[in-house]
Amino acid sequence: MAEISKFAKAFVRFTGPELATQEAMYGFIMALIFITSAQVGLISYSSPMDIVALIVGMNFVWGVVDMYVFYKMDVTAHRRYVEVLSGEGCCNHTEHYLMVYDALGSTIVDALAEEDKEKVVDLVMNGRIESREEMREGRRAMLLSAVSCFLITLLTTVPLVLCLALVEEPYAALWSASTAASVCLFFAGYLMEPSKRRSRKILTGASIMTLALALTLFAAYLGG
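Report follows, based on the coordinates. (Residues numbered from 1 in each chain as written. Predicted model: local features only at pLDDT ≥ 70, side-chain atom pairs only at ≥ 80, totals over all residues. Heavy atoms only, no water.)

**A look at the packing of helix H6 (residues 132–155) against helix H7 (residues 157–166)**
Put simply, the rule is: Axis lines are fitted to C-alpha atoms, over the contacting stretch for helices. Their N-to-C directions set the angle, which ranges from 0 to 180 degrees. Helix and strand labels come from DSSP, where a helix needs a run of H or I of at least four residues and a strand needs a run of E of at least two; each type is numbered from the N terminus. Here is the rule for angles: anything less than 35 degrees is roughly parallel, anything more than 145 is roughly antiparallel, 65 through 115 is roughly perpendicular, and the remaining ranges are oblique. Note on definitions: a residue-residue contact is assigned when non-hydrogen atoms from the two residues lie within 4.5 Å.
Contact pair H6 / H7: the axes reach a minimum separation of 5 Å and the direction vectors enclose 20°. It follows that H6 is roughly parallel to H7 by the angle criterion. Along the contact surface, H6 presents Thr153, Leu154 and Leu155, while H7 presents Thr157, Val158 and Pro159.

In structure tokens:
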């Protein structure tokens, strides 16, 4: 169990807990769509391994898409931040100040009082832009985060594939995989809840699981 915990923490270290939880939820929900579609007869299959191929294939594709998009978004945002900090295209100090002020929006700075926001903006404007070596290290961290997102999405298929592969009776295999995905979604929501109160964590886990199952049914029938 300790080894599994270390393995999981290695991914979370690169992505952060919120993004890791988000990717895990996406992976389980996408898998559930195929499982539910098979259970209600919206897709035909000759054996549970056909569902395995669909689940692994879809999670692989979307994992690659997320990996590419997240990396490109991080790199593009970083370039924009460097341009903002350097004041490229600014005519005067006021224009530069407003650019930095806007760039700090949607961060923890939003929770500060206005006078403290101004102090942060002044501090940022007078800060040193990182060196090329530091930028390369930053890009490496972005790449590791993107790759970790891909691996998390792909790894969500493991418990479901095991259920589908090891349970002999096809109907029971689908139900065991569906149950495993639901339990995993519950714990994803449980871990995502920032509150220390167990009751809040349980409520969030149950809410995420219920919402995911409802969306899965909707998506399955819509796709059908």
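After that view of the structure, there is still more to cover.
**Let's talk about the packing of H7 against helix H8 (residues 170–192)**
Spelled out, the test is: Throughout, a crossing is termed right-handed when the near helix is turned clockwise from the far one, and left-handed when it is turned anticlockwise from it by less than a right angle. Think of it as three bins: nonpolar holds Ala, Val, Leu, Ile, Met, Phe, Trp, Tyr, Cys and Pro, charged holds Asp, Glu, Lys and Arg, and polar takes everything else, Gly as well.
In the contact formed by H7 and H8, the axes pass within 8 Å of each other and the chain directions differ by 160°. Taken together, the axis directions place H7 and H8 in an arrangement best described as roughly antiparallel. At the point where H7 passes H8, the crossing takes the right-handed sense. Residues Pro159, Leu160, Cys163 and Leu164 of H7 lie in contact with H8, whose contacting residues are Ala173, Leu174, Ser176, Ala177, Ala180, Ala181 and Cys184. In the contact of H7 with H8, the residues fall into ten nonpolar, one polar and no charged.

**Digging into a nonpolar patch on the surface**
Basically, it comes down to this: Excluding any residue in a salt bridge, patches collect residues exceeding 30% relative accessible area, merging like charges within 9 Å and nonpolar Val, Leu, Ile, Met, Phe, Trp and Tyr side chains within 5 Å. Note on areas: Shrake-Rupley with a 1.4 Å probe; residue coverage comes only from the protein chains shown. What makes a salt bridge here is a side-chain nitrogen of Lys or Arg within 4 Å of a carboxyl oxygen of Asp or Glu, nothing more.
Taken together, Phe60, Val61, Trp62, Val64, Val65, Tyr68, Val69 and Met73 make up a surface patch of nonpolar side chains, about 720 Å² in accessible area. Among the structural elements, valine 69 can be located in helix H3 (residues 48–86).

**Considering the environment of arginine 128**
Operational definition: Accessibility here uses a 1.4 Å probe with only protein chains present; expressed as a share of the type maximum, an area under 20% marks a residue as buried, one over 50% as exposed, and anything in between as partly exposed. Any pair of nitrogen or oxygen atoms within 3.5 Å is treated as a polar contact; in protein, a donor-acceptor pairing is required on top of that, and neighbouring residues in sequence qualify only through side-chain atoms on both sides.
Relative to the helices and strands, arginine 128 is located in the loop between helix H5 (114–125) and H6. Residue classification places arginine 128 among the exposed residues on the basis of a relative accessible area of 63%. Separated by 43 residues in the primary sequence, arginine 128 and leucine 85 have C-alpha atoms spaced 8.9 Å apart. In terms of polar contacts, arginine 128 uses its side chain to reach the side chain of glutamate 134, at 3.2 Å.

**Some points on the pattern of salt bridges**
By the definition in use, this model includes three salt bridges. Notably, a salt bridge pairs glutamate 134 with arginine 128, separated by 3.2 Å at the nearest N-O pair. Under the relative-accessibility criterion, glutamate 134 is labelled partly exposed at 34%. With its nearest N and O atoms 2.7 Å apart, the salt bridge here joins glutamate 133 to arginine 136. Of the two residues, glutamate 133 and arginine 136 are both situated in helix H6; the distance of three residues between them amounts to about one turn of the helix. Glutamate 133 gets classed as partly exposed once you look at its relative accessible area, which sits at 43%.

**Some details on H7**
Applicable threshold: Comment: arc refers to directions from the helix axis out to C-beta atoms.
Within H7 the residues assigned to the buried category are Thr157, Leu160, Cys163 and Leu164. Along H7, the residues classed as buried sweep out an arc of 130° about the axis, all on the same side. Summarising the contacts, the buried residues of H7 are in contact with helix H2 (17–39), H3, H6 and H8.

**Some points on unusual backbone geometry**
Despite not being glycine, serine 106 has its phi angle at roughly 60°, a positive value. For serine 106, the location among the structural elements is in the loop between helix H4 (93–103) and H5.

**Digging into the packing of aromatic side chains**
Cut-off, in case you're wondering: Under the pairing criterion, centres of Phe, Tyr and Trp rings, with the six-membered ring standing for Trp, must be within 6.5 Å; the plane angle then separates stacked pairs below 30 degrees from edge-to-face pairs above 60, leaving the rest tilted. In this scheme, Lys NZ or Arg CZ marks a charge over a ring once it lies within 6 Å of the ring centre and within 35 degrees of the ring normal.
Counted by the stated rule, this structure contains six aromatic pairs. The interplanar angle of 40° and the centroid separation of 6.2 Å between the aromatic rings of phenylalanine 186 and tyrosine 190 together place this pair among those described as tilted. Taken together, the residues span about one helical turn, with phenylalanine 186 and tyrosine 190 both in helix H8 at a distance of four residues. Of the two residues examined, phenylalanine 186 and tyrosine 190, each falls in the buried class. Linked through ring pairs, Phe186, Phe187 and Tyr190 together constitute an aromatic cluster. Above the face of the tyrosine 190 ring, lysine 201 is positioned so that its terminal group lies 5.6 Å from the ring centre.

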